[in-house]
Amino acid sequence: MKLIFWGGVLLFLGSIALLISNYDSIKVERSGRIVKMRIEELPNSCLGTKVKHFVTLSYNSEAYIKRIGGKFCEEHSIGELIDMKVLEGSTIVLFPQESVLRNLVSFGMLGLLGLVMIISQWKKVWRK
């Protein structure tokens, strides 16, 4: 019983931390502007799903690092200009169609699951 309660607390607090950590991404999504960024570095190969791949982009003499999917290496090359969404003063860049909403919903559902676990265990303790 204690394990479920503390697991719920961990899920609830973890989801709050994840929501807070994504706040900058939300600001970039809502207030950022689309600019042309130059691809500076690409991985040698983007094959394999277990390995995370990153691209280095530059804009106004600043470097940005963005996680990419497997097809990105096939479709783009070093020196190419691509559209990215950026907010002045932020280190986060997003693809123009990228949305943070799915992450927020997932983190919110984790938090609700944690809250349900906490409340259900709390009720069991008070009934005794």
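Everything below is about the structure printed above this text.
Residues numbered from 1 in each chain as written. Predicted model: local features only at pLDDT ≥ 70, side-chain atom pairs only at ≥ 80, totals over all residues. Heavy atoms only, no water.

Participant: How would you summarise the sheet that holds strand S3 (residues 62-68) if you had to cite specific residues and measurements?
Facilitator: Taken in spatial order, the five strands of this open sheet run S3-S2-S1-S4-S5, and their pairing is antiparallel. The sheet is open, and its two edges are formed by S3 and strand S5 (93-94), each paired on a single side. Judged from the six bridges that link them, strand S1 (residues 33-41) and strand S4 (residues 81-86) form a sheet pairing that is antiparallel. Across the sheet, Met37 pairs through a bridge with Ile82, a residue of S4. (Pairing = 2+ DSSP bridges. Helix = DSSP H or I, 4+ residues; strand = E, 2+ residues; numbered from the N terminus.)

Participant: Talk me through the environment of Val86; I want residue IDs and the actual numbers.
Facilitator: With respect to the secondary-structure elements, Val86 resides in strand S4. Through-space distance from the C-alpha of Val86 to that of Tyr64 is 9.7 Å; in sequence the pair is 22 residues apart. In contact with Val86, other than residues within four places in its own chain, are Val28, Gly32, Arg33, Val35, Met37, Tyr59, Tyr64, Ile92 and Val93. (Contact = heavy atoms within 4.5 Å.)

Participant: Tell me what's going on with the side chain of Ser15, and back it up with residues and numbers.
Facilitator: Here Ser15 shows up in helix H1 (residues 2-21). Exposure remark for Ser15: the relative accessible area of 3% places this residue in the buried category. Separated by 2.8 Å, the side chain of Ser15 and the backbone oxygen of Phe12 make a polar contact. Dropping the residues within four chain positions of it, Ser15 is found in contact with Phe107, Leu110 and Gly111. (Buried < 20%, exposed > 50% of the residue type's maximum accessible area, 1.4 Å probe, protein only. Polar contact = N/O pair within 3.5 Å; in protein donor to acceptor, adjacent residues only side chain to side chain.)

Participant: Hey, could you go over the pairing of S1 for me, with residue numbers and the actual values?
Facilitator: By the bridge criterion, three bridges tie S1 to strand S2 (residues 53-59) in an arrangement that is antiparallel. In the sheet register, Glu41 faces S2, and the bridge partner there is Thr56.

Participant: Tell me about the pattern of salt bridges, and please be specific about residues and values.
Facilitator: A side chain of one charge can pair with a side chain of the opposite charge when the charged atoms of the two come close. This model, assessed by the stated rule, comprises four salt bridges. The partner of Lys27 in a salt bridge is Asp24, and the shortest N-O contact between them spans 3.7 Å. Taken together, the residues Lys27 and Asp24, both in helix H2 (residues 23-31) and three residues apart, mark about one turn of the helix. Owing to a relative accessible area of 35%, Lys27 belongs among the partly exposed residues under this scheme. Among the salt bridges present, the one from Lys66 reaches Glu98, with a minimum N-O distance of 2.9 Å. With Lys66 in strand S3 and Glu98 in the loop between S5 and helix H4 (101-127), this pair connects stretches of sequence that are 32 residues apart. (Salt bridge = Lys/Arg side-chain N within 4 Å of Asp/Glu carboxyl O.)

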